[in-house]
Amino acid sequence: MKKEEQIRMLLHPEDYTDEQLDQMLDETDVKVPDANEAWEELKNGRIEELKYKKNFNLLTLQSFNSIKKIAAMFVGVLMLSGIAYAAVHMIRSQESGVRSQEAVVSTNTQHLSPNTQTPADSTAMKPVVYEDAELATILNEIATFHQCEVVYKSEASKHIRLYFTWNQKATIDDIIGTFNKFERIHITRDNKKLIVE
């Protein structure tokens, strides 16, 4: 019996009689494997496969550990480079800040009157606190510091008494804004003149 006929019989057994099917089964040469032999082959093949996998896993693990070490070194070098860059940048910015502050202090000392003293350490300016002081006293010191002139529209405004904290790092416009928050004070600026109304 040909192979095509056997395949047709397997696919459509209802078209064939029982005798025809039995004849097909008798003619089919099916090798029955020896169980012991098959078991030995399977066992030996499995042992070899396990040995291969173990070696492969060891190699993979070793290469993975090598990659992790290389990655850790790379990250370490990047971090050290970043820290070094930041340190150099901070030092340069501090040096330029000190130079610019020295320039500001030197220009301020050239324009100040001989009676006015500049702070010994201009980088550590502390706020000046006025307790129950007259507006004229406060504004004269601020105007001298910022190289401005104070003009009073009324004599009474000079004698307004205040509790005020002056941050010397603040700009003159910020200081004017703070004074204008008080109810009885209104100050405007015209170039280097502070006009108190």
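Since this is a predicted model, take the numbers as computed values, not measurements.

**A short note on the overall build of the protein**
When helices and strands are counted, the protein shows 5 helices and 5 strands. Helices and strands appear in the protein in the N-to-C order α-α-α-β-α-β-β-α-β-β. Burial analysis of the protein (197 residues in total) assigns 18% to the buried set. Taking contacts inside the protein between residues at least 6 apart in sequence as the whole, the part at least 24 apart equals 56%. A total accessible area of about 15,700 Å² is found for the protein, and carbon and sulfur atoms account for 57% of it.

**So, the confidence of the model for the protein**
For the protein, mean pLDDT is 80; residues scoring 70 or higher make up 79% of the total. Here helix α3 (residues 35-111) stands out as the least confident element of the protein, with mean pLDDT 74; strand β2 (residues 149-152) is the most confident, with 93. Here residues 106-120 is modelled with pLDDT under 50, and outside its nearest four sequence neighbours on either side it reaches 7 contacts, counting other chains as well.

**Here we look at the packing of aromatic side chains**
Aromatic rings considered in pairs are described by the distance between their centres and by the relative angle of their planes. Applying the stated criterion to the full structure yields 3 aromatic pairs. Here the aromatic rings of Phe145 and Trp166 are separated by 5.3 Å at their centres, their planes lie at 85 degrees, and the arrangement is edge-to-face. Of the two residues, Phe145 is situated in helix α4 (residues 135-145) and Trp166 in strand β3 (residues 161-166); the sequence distance between them amounts to 21 residues. Classification of Phe145 by relative accessible area gives partly exposed; the value is 22%.

**Remarks on a nonpolar patch on the surface**
Residues Phe74, Val75, Leu78 and Met79 make up a contiguous nonpolar surface patch of about 420 Å² in total accessible area. On the basis of relative accessible area, Met79 is assigned to the exposed category, the value being 53%.

**Here we look at the sheet that holds strand β5 (residues 193-196)**
One key point about sheets: their strands pair by backbone hydrogen bonds, in either a parallel or an antiparallel sense. Reading across from one edge, β2-β5-β4 is the order of the 3 strands in this open sheet, with mixed pairing throughout. In this open sheet, the two edge strands, each paired with only one partner strand, are β2 and β4 (187-190). Taking each pair of neighbouring strands and ignoring which way they run, the sheet shows an average axis angle of 25 degrees. In this sheet, β5 lies alongside β4 in antiparallel orientation, the contact comprising 4 bridges. What sits directly across from Arg189, in β5, is Leu194.

Each value, and the rule that gives it
Residues numbered from 1 in each chain as written. Predicted model: local features only at pLDDT ≥ 70, side-chain atom pairs only at ≥ 80, totals over all residues. Heavy atoms only, no water. Helix = DSSP H or I, 4+ residues; strand = E, 2+ residues; numbered from the N terminus. Buried < 20%, exposed > 50% of the residue type's maximum accessible area, 1.4 Å probe, protein only. Contact = heavy atoms within 4.5 Å. Areas by Shrake-Rupley, 256 points an atom, 1.4 Å probe, with all protein chains shown as cover. pLDDT = per-residue confidence, 0-100. Phe/Tyr/Trp six-rings, centres within 6.5 Å; stacked < 30°, edge-to-face > 60°. Patch = residues over 30% accessible without salt bridge, like charges linked within 9 Å, V, L, I, M, F, W, Y side chains within 5 Å. Salt bridge = Lys/Arg side-chain N within 4 Å of Asp/Glu carboxyl O. Pairing = 2+ DSSP bridges. Axes fitted to C-alpha atoms, helices over the stretch in contact; angles between N-to-C directions.

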